[in-house]
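The lines below spell out each chain.
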Amino acid sequence: MSDRLPSHPAEAHIPHRKHFLSDRVEHFTESVIREMTRQAMLHGAVNLAQGFPDFPAPAEIKQAAQQAVAADVNQYAITWGAKNLRNAIARQMGVWQGIEVDPEKEITVCCGSTEAMISTLLAVCNPGDEVVIFEPFYENYGPDSVLSGAKPKFVKLRPPQEENGTWTFDEKELCRAFDKHTKAIILNTPNNPTGKVFTREELELIRDLCLEFDVLAITDEIYEHILYDGTEHIAMVSLAGMRDRTVTINGMSKTYSVTGWRVGWAVAAEKITNAIRKVHDFLTVGAPAPLQEAGAAALSLPPAYYVHLAERYRERRDHLMPALTAAGFRCFQPQGAYYVMADISAFGFDDDVAFARHLVQKIGVACVPGSSFYRHPRDGAKQVRFAFCKTPATLDEAARRLAKLRRLSDSG
Ligand SMILES: Cc1ncc(COP(=O)(O)O)c(C=O)c1O
């Protein structure tokens, strides 16, 4: 831009154009996950990077979407969400979380849970507020906090030492993260990228800290139905004392395999909902109207749908993990969500980015470098993440390609 000749004489008098950019975005980098998807397309790689399913969505909900379009549901829905969908969300919160929610006053339907999260943070944070985030973390949370003027404060999740163990955090480290500046904690359970499902004891500890320091819990529960080995999802909002200090975020993307539909929601006490609705209105006005109607149909699927969903994902997990282990990765077995974090020490690469590049370009499999889930890249330098929300054929092809990987011990 600075090398360009002035297109108007007046431009010549501007010594240092600031390129029109805000300081806020200066430190944002492109989403590594979406970049890996582009790399996968470029190199014809099997994409186990981005968490989107490569299989069809349930026929019932596609029909509901088609019917809504045919019935001319074409105009803006009510800003905070179509009544049918809000009623369905409230009903299911009662069934799944045992929580009574007022669909008129406590629900905001957004363009995906992504928008629900940023709308919530913009609605509750002031400059100088701090937001506690467990790391490794879903990459949006850092920039979301910064956009809302808050400072992220990270607490480490440590990988399990033993096979089939779970990621854990240090209670003292968590306690130290809370102080008078803490406005909120963002909690994602079941967790991306680790697959950790927070236990009742862990949630109660977090609850106690929220009560002691007057902190809001913002919980991203979009993988709530994707659970393995009898693990139970416990919603923070269901714990005593948390009803009015929890924002529960969820959406259609993962549970109904429709990440491109962009329908999510935030459930919160009336006062907080009012603030979220204002931000949401100015950001996007509303989520796609016909797809909200389909959302109401989706939330009416029978319980067997969710049992089947989790079972199919368990099969996929158990399909990919042995292939990764055989190729030389040390896998951390997930208890929920549809990702597996894996240690890459056996391959002798300098870091995770160099390894991920090698994997996509030479082996033909895309993964996400672990560093993209950490504040300090070095903390994730020995990890990568694979998504297994893919058909058995895709996973077979990935396994065939991964078998070509060479470990350090293979050379010489
Ligand atoms: C933890 C987490 N939250 C939110 C999202 C995005 O959800 P949505 O499609 O509802 O915006 C993802 C997508 O991968 C995710 O992993």
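Each remark here, short or long, concerns the structure printed above.
Everything numeric in this text was worked out from a predicted model, so none of it was measured.

**Q** Explain the overall build of the protein to me, please; I cannot follow it from the model alone.
**A** Within the protein, the regular secondary structure consists of 13 helices and 13 strands. Computed over C-alpha atoms, the radius of gyration of the protein comes to 22 Å, within 12% of the 22 Å expected from 2.2 N^0.38 for 412 residues, which places it in the range of a compact globule. Considered along the principal axes of its C-alpha atoms, the protein spans approximately 70 × 70 × 55 Å. Looking at the protein as a whole, 55% of its 412 residues are labelled buried. If you take every contact in the protein between residues at least 6 apart in sequence, the share linking residues at least 24 apart comes to 74%. Surface accessibility of the protein: about 18700 Å² in total, with carbon and sulfur atoms responsible for 54%. Averaged over its 46 positive side-chain charges, the protein has a centre that lies 3 Å from the centre of its 51 negative ones.

**Q** Teacher, can you tell me more about the site of the ligand here?
**A** Taken together, 14 residues lie around the ligand, and Thr114, Asn192, Asp220, Tyr223 and Ser253 are the ones closest in. Here an oxygen atom of the ligand and a side-chain polar atom of Tyr223 are 2.7 Å apart. Within the complex, 92% of the 400 Å² of free accessible area of the ligand lies under protein. Assessed atom by atom at 2 Å from the grid points, the ligand resides in the second largest pocket. Here the shell around the ligand is composed, by residue class, of 5 nonpolar, 6 polar and 3 charged.

**Q** I tried to follow the sheet that holds strand E12 (residues 368-369) on my own but got confused; where do I start?
**A** To summarise the sheet geometry, strands pair through backbone hydrogen bonds and adopt either a parallel or an antiparallel arrangement. With antiparallel pairing, 4 strands are arranged side by side in an open sheet as E9-E10-E13-E12. Lying at the two open borders of the sheet, with one neighbouring strand each, are strand E9 (330-332) and E12. Bridge count between E12 and strand E13 (residues 383-387): 2 bridges; the pairing is antiparallel. Following the sheet pairing, Pro369 is matched in E13 by Val384. Along the sheet, helix H12 (residues 352-363) makes contact with E12 and E13, crossing E13 at roughly 40°.

**Q** Where do I start with the sheet that holds strand E3 (residues 130-135) in this structure?
**A** Across the sheet, which stays open at both edges, the 7 strands sit in the order E2-E8-E7-E6-E5-E3-E4 with mixed pairing between neighbours. Unpaired on one side and paired on the other, strand E2 (107-110) and strand E4 (151-156) mark the two borders of the sheet. Looking at each pair of strands side by side, their axes are set apart by 20° on average, direction ignored. Judged from the 4 bridges that link them, E3 and strand E5 (residues 182-188) form a sheet pairing that is parallel. Looking at E5, one finds that Glu130 is bridged to Thr182. Sheet strands in contact with helix H4 (residues 83-97) are E2, strand E7 (246-251) and strand E8 (264-267), and its direction is about 120° off that of E2.

**Q** Even after reading the chapter, I still don't get the nonpolar core, so can you show me in this structure?
**A** Looking at soluble globular proteins, one finds that nonpolar side chains tend to be buried together. Counting residues in hydrophobic clusters, the biggest one holds 104 residues, and the most contacted among them are Phe134, Leu174, Ile185, Tyr256, Phe329 and Phe386. When neighbours within four sequence positions are excluded, Phe134 is seen to be in contact with Val155, Leu157, Phe169, Leu174, Ile185, Ile186, Leu187, Phe198 and Ile206. Of all hydrophobic cores here, the second largest spans 22 residues; its members include Val131, Ala150, Ile272 and Ile276.

**Q** Help me understand the environment of Val368, please; the structure alone is not making it clear to me.
**A** Summarising the element assignment, Val368 is placed in strand E12. Judged by its relative accessible area of 0%, Val368 is buried. Residues Val368 and Gln50, 318 residues apart in the sequence, show an inter-C-alpha distance of 7.7 Å. The contacts of Val368, once residues within four sequence positions are left out, are Ile33, Met36, Ala49, Phe373, Val384 and Arg385.

**Q** When you look at the packing of aromatic side chains in this model, what are you seeing that I'm missing?
**A** Describing an aromatic ring pair means giving the distance of the ring centres and the angle of the ring planes. On inspection of all chains with the given rule, the structure shows 22 aromatic pairs. On the numbers, 5.3 Å between centres and 80° between planes, the contact of Phe349 with Phe355 is edge-to-face. With a relative accessible area of 0%, Phe355 lands in the buried category. Each member of the aromatic cluster is reached from another via a ring pair, and the members are Phe55, Tyr223, Tyr313, Tyr338 and Tyr339. Taking the ring centre of Phe198 as reference, the NZ or CZ of Lys196 above it sits at 4.9 Å. Here Lys390 stacks its cationic end above the ring of Phe52, 4.1 Å away from the centre of that ring.

**Q** Explain the layout of surface pockets here, please?
**A** One water molecule sets the probe size; rolling that probe over the atoms shows where empty space is left. In this structure, the largest pocket occupies an estimated 770 Å³ of space. As for the largest pocket, its lining consists of 32 residues, and the residues nearest its centre are Thr29, Glu30, Val32, Glu139 and Ser372. Taken together, the elements giving at least two residues each to the lining of the largest pocket come down to helix H1 (23-26), helix H2 (32-43), helix H6 (141-147), E4 and H12. When its residues are assigned to classes, the lining of the largest pocket shows 15 nonpolar, 8 polar and 9 charged. There is about 420 Å³ of room inside the second largest pocket. In this structure, the second largest pocket is lined by 26 residues; those nearest its centre are Arg34, Thr114, Tyr138, Ile222 and Lys254.

**Q** I would appreciate a short explanation of the pairing of E8 in the present structure.
**A** Remember that side chains alternate between the two faces of the sheet whenever the strand is regular. The alternating pattern of E8 places Gly264 and Ala266 on one face and Trp265 and Val267 on the opposite face, and all of these are buried. As paired elements, E2 and E8 share 4 bridges and run antiparallel to each other. Bridging across to E8, Ile107 finds its partner in Val267.

So, how was this worked out
Residues numbered from 1 in each chain as written. Predicted model: local features only at pLDDT ≥ 70, side-chain atom pairs only at ≥ 80, totals over all residues. Heavy atoms only, no water. Helix = DSSP H or I, 4+ residues; strand = E, 2+ residues; numbered from the N terminus. Rg over C-alpha atoms; globule rule 2.2 N^0.38 Å. Buried < 20%, exposed > 50% of the residue type's maximum accessible area, 1.4 Å probe, protein only. Contact = heavy atoms within 4.5 Å. Areas by Shrake-Rupley, 256 points an atom, 1.4 Å probe, with all protein chains shown as cover. Lys, Arg positive; Asp, Glu negative; His and termini not counted. Charge placed at Lys NZ, Arg CZ, Asp CG, Glu CD. Near = heavy atom within 4 Å. Polar contact = N/O pair within 3.5 Å; in protein donor to acceptor, adjacent residues only side chain to side chain. 1 Å grid on protein atoms, 1.4 Å probe; cavity = no way out; pocket = protein on both sides within 12 Å on 5 of 7 lines; lining within 4 Å. Sits in = over half its atoms within 2 Å of the grid points. Nonpolar A, V, L, I, M, F, W, Y, C, P; charged D, E, K, R; others polar. Pairing = 2+ DSSP bridges. Axes fitted to C-alpha atoms, helices over the stretch in contact; angles between N-to-C directions. Core = buried A, V, L, I, M, F, W, Y, C linked by side-chain atoms within 4.5 Å. Phe/Tyr/Trp six-rings, centres within 6.5 Å; stacked < 30°, edge-to-face > 60°. Lys NZ or Arg CZ within 6 Å of the ring centre and 35° of its normal. Points joined across faces, edges and corners; volume = space filled by probe spheres on them.

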